[in-house]
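Breakdown of the fold
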Amino acid sequence: MDQLIEQFFNIEIMIAAWPTILRGLWMTLAICAVVIPMGLLGGLFAALGMLSQNRALRWATVGFVDFFRAIPPLVLLIFVYSGLPFAGLRLSPFAAVAIAFLLNNSAYYGEIFRAGIGSVGTGQTEAARSTGLGASQTMAYVVLPQAVRNVLPDLISNTIEVVKLTSLASVVSLAEMLYAADMARSVTYSASPLVLAAGIYLVILWPLVRLVSRFERRIAH
Amino acid sequence: METEALSGLERFAQTFLNWEVLVKYAPSILAGVGVTVWLSVLIILVGMTLGTLLACLRAYRVGPLSFLIVVFADVFRALPPLVVILLVFFGLPNAGIYLSAFMVLFVVLTLILAAFAEEILWAGITSVDKGQWEAARSTGLGFTQTLGYVILPQAMRLAIPPLTNRAIAITKMTALGTVIGVPDILNQATTAQSFSGNASPLLLAALAYVLLFLPFVIMSRWLERRYSWKKA
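What you see is a predicted model; the values in this text were computed from it and never measured.

Within the UniProt annotation, "domain: ABC transmembrane type-1" (unreviewed entry) is assigned to residues 33–220 of chain B. Annotated as residues 33–220 of chain B, this span is 84% helix and 0% strand, and its ends, taken at the C-alpha atoms, are 22 Å apart.

If you want it as structure tokens, here you go:
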């Protein structure tokens, strides 16, 4: 038991690792600040593409979305980071993460936005158009606000996944929180820094996880 | 000008579609496909069963037990899988427990799938109308029988599309095994890439994943339409 505590909950080691892990946390938040808005925007375009009147555009976007839902994000990230240099395109870890996640997140957010827009009745569009609003005005002011409200739990749920996904950046040596914690682990031979990082992820994400569960139950009733 | 463009294209093909490299490393990537498929099947079978079991246990509404189930489901839904994988892989040996990388990946991803499956099924169970419980009980079915024969089948219907999506997302995470040395598709491909100094194995790996998972992604699209409630 003592050995377990020593291994996983060594306070001294946690305190020593804290500054490193804190720097990692800032990098994690910086990645989130870039990839979440980019993913939301990309997803919106993907959804509009999937709902387009133009058959070619529709099929192309559905293909894009399904392709990137089928590829594991880590495979995509490693391909962008260590495959593209063979084609003469060398990216920094941060840029590689941003590009790989943009592709992956656009696909997932795109599916959610598409479902949301589909859940708004066509009567809304017809009514808005008949008042003289243009097609894009109708989409922006009438359909999208209702669509977002209808799929808000899914949007939050996917955003949790995106935050969790940022930990993959450690694989391409971007010094985010998991990378920092794992560095500290390899120096101290103790899993305590990883436990600390896990604790920080829990503090950030547990409230959101609860919120999603609450939402789901409310919709169920 | 034209010859330069051609040589550029040739160079691209040499790097990403190098036939010799592809032929040489295809068998190891195929072996990786075996590992990925085998892991995925195990994770889905055990994870789904465990998740269903937990959701059913929660239906008995035994306070402390329900609380533990909620904590389990919350923690495994909130933690990034790679954090848990590294924690278990590097932490347990120092605590005297030795698991192979394959076992670590299997256990962690199974628990994560079980956590998500429990939440999805629980949402399904609570969405079934109370009258269904009352009607079933009044015909003389016991609590467990009602749950198993009446409630769960209806909960399943609502749960199938999100369960499918979640199962795809989590089996895709088998690629994370690369980080701890599980010889899956991605691991074989990165090894082959560093041996050959050529990006073709990575492209082949990406293709293998698409071939493996695309049918399920398309199926999930179909399931969503099939099981969606009719719009008023």
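So, on to the pattern of salt bridges. Residues and elements named next belong to chain A. Counted under the stated rule, the structure contains 12 salt bridges over all chains. Where Arg114 meets Glu111, a salt bridge forms, and the shortest distance between an N and an O atom there is 3.1 Å. Within this pair, Arg114 and its partner Glu111 are both found in helix α5 (residues 93–119), separated by three residues, close to a single helical turn. Classification of Arg114 as partly exposed rests on a relative accessible area of 22%.

Here we take up empty space enclosed by the protein. Residues and elements named next belong to chain B. As enumerated under the stated definition, the model contains one cavity of 30 Å³ or more in all. Of the volumes computed, that of the largest cavity is approximately 30 Å³. Every residue along the wall of the largest cavity is listed here: Val88, Phe89, Leu92, Pro93, Ile97, Leu99 and Val104. Per-class residue counts for the lining of the largest cavity are seven nonpolar, no polar and no charged.

Take the packing of aromatic side chains next. Under the criterion given, the structure shown has eight aromatic pairs over all chains. Ring centres of Phe89 of chain B and Phe90 of chain B lie 5.1 Å apart, and the angle between their planes is 75°; this geometry places the pair in the edge-to-face category. Among the residues examined, Phe89 of chain B registers a relative accessible area of 22% and is labelled partly exposed. Above the plane of the ring of Phe90 of chain B lies Arg185 of chain A, whose end atom (NZ or CZ) is 3.4 Å from the centre. The lysine or arginine in question, Arg166 of chain B, covers the ring of Phe116 of chain B, its NZ or CZ lying 3.9 Å from the ring centre.

This part covers the domain arrangement of chain B. Residue and element names in this part refer to chain B. Its domain assignment divides chain B into domain 1 (38–180) and domain 2 (183–220). Its C-alpha centre places domain 1 at a distance of 28 Å from the equivalent point of domain 2. Between domain 1 and domain 2, the contact holds eight residues from the first and 10 residues from the second. At the boundary of domain 1 with domain 2, total buried surface from both sides reaches about 720 Å², with 71% on carbon and sulfur atoms. The largest share of the area that domain 1 buries against domain 2 comes from Ile168, Ala175 and Thr178, three residues that together contribute 54% of it. Where domain 1 packs against domain 2, one counts zero salt bridges. Linking domain 1 with domain 2 are three residue pairs in polar contact (both at pLDDT 80 or more). Ranked by residue count, the leading element in the side of domain 1 that touches domain 2 is helix α7 (residues 143–172), at five residues. Considering only residue class, the side of domain 1 that touches domain 2 consists of two nonpolar, five polar and one charged.

About the cut-offs
Residues numbered from 1 in each chain as written. Chains lettered and ligands numbered in written order. Predicted model: local features only at pLDDT ≥ 70, side-chain atom pairs only at ≥ 80, totals over all residues. Heavy atoms only, no water. UniProt positions renumbered as here; feature names shortened; annotations may be inferred. Helix = DSSP H or I, 4+ residues; strand = E, 2+ residues; numbered from the N terminus. Salt bridge = Lys/Arg side-chain N within 4 Å of Asp/Glu carboxyl O. Buried < 20%, exposed > 50% of the residue type's maximum accessible area, 1.4 Å probe, protein only. 1 Å grid on protein atoms, 1.4 Å probe; cavity = no way out; pocket = protein on both sides within 12 Å on 5 of 7 lines; lining within 4 Å. Points joined across faces, edges and corners; volume = space filled by probe spheres on them. Nonpolar A, V, L, I, M, F, W, Y, C, P; charged D, E, K, R; others polar. Phe/Tyr/Trp six-rings, centres within 6.5 Å; stacked < 30°, edge-to-face > 60°. Lys NZ or Arg CZ within 6 Å of the ring centre and 35° of its normal. Domains from an automatic or database assignment. Contact = heavy atoms within 4.5 Å. Buried area = accessible area lost by both parts, 1.4 Å probe. Polar contact = N/O pair within 3.5 Å; in protein donor to acceptor, adjacent residues only side chain to side chain.

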